[in-house]
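A look at the structure
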Amino acid sequence: MSPPSDAKLLAVADAAAARAYAPYSNFHVGCAVLARDGRVIEGANVENAAYPLGVCAERTAFSRAVAEGYRPGDFVVAAITASPCGGCRQWLLEMGVERVVFRNGGQVLTMTTDELLPESFDSSDFR
Ligand SMILES: [Zn+2]
């Protein structure tokens, strides 16, 4: 079976966004991550009355994936219904996703993590 298209992954992300828990911002975001084994892991943003404790859709998707046994480098594409925030760009880099597809300003953009977060901090900076 061929992997889902970027458009299909964005549609999966849209469906995940519909399940977001965002009673404060009412800004629903979804993320669909395609793993190398063909599995698609979904995430949605989850807010909290203590605002800073809310979690973005990308982080819920990757946290779910890691809890299920996936590791950085296991991911091909992350499709997101909105532009990833700065913190999530760092997560996307850490997870080693090959490309990120997201909506921004009425367009669908595809970027690498290096393009999303140039001159980034990563584990090589510990050495
Ligand atoms: Zn984020």
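The structure this text deals with has already been given above.
Just so it is clear, the structure is predicted and the values come from calculations on it, not from any experiment. (Residues numbered from 1 in each chain as written. Predicted model: local features only at pLDDT ≥ 70, side-chain atom pairs only at ≥ 80, totals over all residues. Heavy atoms only, no water.)

The next subject is the pairing of strand β3 (residues 75-80). Along β3, 6 of the 6 residues are buried, which leaves the element largely enclosed by surrounding structure. With 5 bridges joining them, strand β1 (residues 30-35) and β3 adopt antiparallel strand pairing. Across the sheet, the residue bridging to Ala35 is Phe75, located in β3. Both β3 and strand β4 (residues 99-104) contribute to a ladder of 4 bridges, which runs parallel. Following the sheet pairing, Ala79 is matched in β4 by Val101. Each parallel crossover has a hand, and for β3 linked through helix α3 (residues 86-95) to β4 it is right-handed. (Buried < 20%, exposed > 50% of the residue type's maximum accessible area, 1.4 Å probe, protein only. Helix = DSSP H or I, 4+ residues; strand = E, 2+ residues; numbered from the N terminus. Pairing = 2+ DSSP bridges. Right-handed = clockwise from strand over helix to strand, strands pointing away.)

As a further point, take the sheet that holds β3. One open sheet accounts for 5 strands, arranged β2-β1-β3-β4-β5; its pairing is mixed. Each of the sheet's edge strands pairs with one partner strand only, and the pair in question is β2 (40-44) and β5 (107-111). Across the sheet, the mean angle separating the axes of adjacent strands is 15° when strand polarity is ignored. Here β1 pairs with β2 via 5 bridges, running antiparallel. Across the sheet, the residue bridging to Leu34 is Val40, located in β2. Across the sheet, helix α1 (residues 6-17) is in contact with β1, β2, β3, β4 and β5; its angle to β1 comes to roughly 135°. (Axes fitted to C-alpha atoms, helices over the stretch in contact; angles between N-to-C directions. Contact = heavy atoms within 4.5 Å.)

With that settled, consider the pairing of β1. Burial within β1 is extensive, with 6 of its 6 residues counted as buried. Side chains Gly30, Ala32 and Leu34 project from β1 onto one buried face, and the interleaved Cys31, Val33 and Ala35 project onto a second face that is buried too. Connecting the antiparallel pair β1 and β2 is a turn made up of 4 residues, with Gly38 showing a positive phi of about 95°.

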